[in-house]
Amino acid sequence: MNNPSPAQIQYLNRKKREKQFIFAARLFLFLFFLYIWEYASQKGFIDSFIFSSPTQIFSCFFYMWKEEALFTHILITLKETLLSFLYVVFIGTGIAVLMWRLPTLSKICEPYLVILNSLPKSALAPLLIVWLGATQKTIIVSGMSVAIFGSIIHLYAGFQEVDPEKRKLIRTLGGGKKDELFKIVLPSSIPLILSIMKVNIGLCLVGVIIGEFIGAKQGLGYLIIYGSQTFKLDWMLTSIAILCIIAMALYGILSFLEKRYQKQI
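Residues numbered from 1 in each chain as written. Predicted model: local features only at pLDDT ≥ 70, side-chain atom pairs only at ≥ 80, totals over all residues. Heavy atoms only, no water.

Draft legend 1. Main features of the pattern of salt bridges. Enumeration according to the criterion identifies three salt bridges in this entry. Note that Lys 15 is salt-bridged to Glu 18, the shortest N-O span being 3.6 Å. Of the two residues, Lys 15 and Glu 18 both sit in helix H1 (residues 6-43), three residues apart, roughly one turn of that helix. A salt bridge links Glu 258 to Lys 198, with the shortest nitrogen-to-oxygen separation between them at 2.8 Å. Of this pair, Glu 258 sits in helix H11 (residues 233-264) while Lys 198 sits in helix H9 (residues 177-215), placing them 60 residues apart in sequence. By the burial criterion, Glu 258 is buried, and Lys 198 matches it. (Salt bridge = Lys/Arg side-chain N within 4 Å of Asp/Glu carboxyl O. Helix = DSSP H or I, 4+ residues; strand = E, 2+ residues; numbered from the N terminus. Buried < 20%, exposed > 50% of the residue type's maximum accessible area, 1.4 Å probe, protein only.)

Next up, the structure:
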């Protein structure tokens, strides 16, 4: 393998410094925000009872961890989110493949999918609780309802945009729809599927929290509602902070998988 030229080394070093600067700037903004928040709370510029403060949230986190089974609530929300996400990935991809395979079916279903996708999911969740009962399965369905319709629409549109010349080549060589699907359409759509998955993981978390707001007795959504109703605002803000960390972690895992795939192709 040839050694990189000085110009290539200079370019790589410049990109490395750019990444380091972006990371440092992000970290600085986050720490500066925490400092301003803590300073305003300590000096009385904001009401610490209503707005809390970083130190209060950290203290509340450790208290809830020891006394209020916080780990159990986190695991429940995480389990519901991951199950919703997996169902959305498999069911959404399966329906999109079926619509691609049967164009008449897609023409019939597409307007209904658009309507369902445009419905406010916060209004749909109470109906699900009434229809299905206040169970964990209902919360998982609530998480799915936020992401699945948009996922089907975007996947189907992506399947339709796959290079028609490659599909024509498969047919010329005697292949059928099955060969087109497994040799051209699905392999070409993996980047699209990974990109949609990155969006869906956050949407499923939102849907699960909406379901927990209404019909749960455990989970981070339940803690947020309970904290607001009993004026334990530290509990509410701590739960929201944990949700942000979970969302970033799940998104980061999928982004890592996407980058690994891009390096392999």
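So much for the structure itself; the text now carries on.
Draft legend 2. Representation of the packing of aromatic side chains within the structure. The tally for this structure, following the rule as stated, stands at nine aromatic pairs. Between Phe 28 and Phe 32, the ring centres sit 5.9 Å apart and the planes meet at 15°, which makes this aromatic pair stacked. Highlighted residues: Phe 28 and Phe 32, both in helix H1, separated by four residues, approximately one helical turn. A residue is classified by how much of its surface remains accessible, and Phe 28, at 53% relative accessible area, is exposed. Taken together, the ring pairs connect Phe 61, Phe 62, Trp 65 and Phe 71 into an aromatic cluster. (Phe/Tyr/Trp six-rings, centres within 6.5 Å; stacked < 30°, edge-to-face > 60°.)

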